[in-house]
Amino acid sequence: METRWALVDGVTLELPADCTVCELRDALYKPDDAVLVAVTGDLVSIVHDEDRPLSELVAGCAETYYFRRPEEPDRNEVLAAPELERALEKSDDERSGAETTFQRPGIDH
C-alpha cells in the first residue's frame with residue numbers, strides 16, 4: 001500500500017494514499033462531527049463523501065489537513081474563511097459532489 005506524508009492538525013503523519021475520511025478520523029480518534037478540510041497549494045477542499053478514498057479527490061493531493069468541529073473557534077485564516085462556513089451550512093441536497101473546493105484565503109490570485 002502506497003503512503004505519503006501530510007500535516008494533520010499540526011502533526012506530520014504518514015497516511016495511506018487510499019484512506020477515507022472515516023478511516024482517518026477513526027485512526028486519529030476525532031469526533032464523528034469533525035469535518036475534514038484539506039489545503040492543496042492555493043485550494044481548500046471540504047470533503048463531504050467520507051467513504052470515498054481521498055486519492056480520488058482534490059483533497060487527496062493535500063499537504064495539510066484540518067479536522068474542524070461545529071462551533072469551534074477559528075484556528076487560522078483557512079478555518080475562518082466564509083466560503084468554508086457557507087459550504088458547511090449547505091444541506092446534502094444542495095452540495096454538488098464529494099467535496100467543495102475554493103481558493104485559499106490570503107493568497108493573491
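Going along each chain's sequence as written, the residues are numbered from 1 onward. It should be noted that, the model being predicted, local features are given only for residues of pLDDT at least 70 and side-chain atom pairs only at 80 or more, the latter also being counted only at that level, while totals for whole chains, interfaces and linings use all residues. To get the side-chain values, take all heavy atoms of the structure and skip hydrogens and water.

Draft legend 1. Quick peek at the environment of E83. By the criteria applied, helices consist of DSSP H or I runs no shorter than four residues and strands consist of E runs no shorter than two, each listed in order from the N terminus. You can see E83 is positioned in helix α2 (residues 82-89). Counting along the chain gives 20 residues from E83 to Q103, while the straight-line C-alpha distance between them is 8.9 Å.

Draft legend 2. Inspection of unusual backbone geometry at higher detail. The phi dihedral of D9 falls on the positive side, at around 50 degrees, and the residue is not glycine. Tracing the chain through its elements places D9 in the loop between β1 (3-8) and β2 (11-16). Notably, Y29 is not glycine yet its phi reads approximately 55 degrees, a positive angle. Topologically, Y29 is positioned in the loop between α1 (21-27) and β3 (35-40).

Draft legend 3. Layout of the sheet that holds strand β4 (residues 43-47). With mixed pairing, six strands are arranged side by side in an open sheet as β2-β1-β5-β3-β4-β6. The outermost strands of the open sheet, each flanked by one partner alone, are β2 and β6 (99-103). Here the average twist between neighbouring strands, direction ignored, is 30 degrees. Pairing analysis gives six bridges linking β1 to β2, with the strands arranged antiparallel. When the sheet's bridge partners are listed, W5 is paired in β2 with E14. Two strands form a pair only when DSSP identifies at least two bridges running between them. Note on method: axes are straight lines fitted to C-alpha atoms, helices fitted across the in-contact stretch only, with angles between N-to-C directions ranging 0 to 180 degrees.

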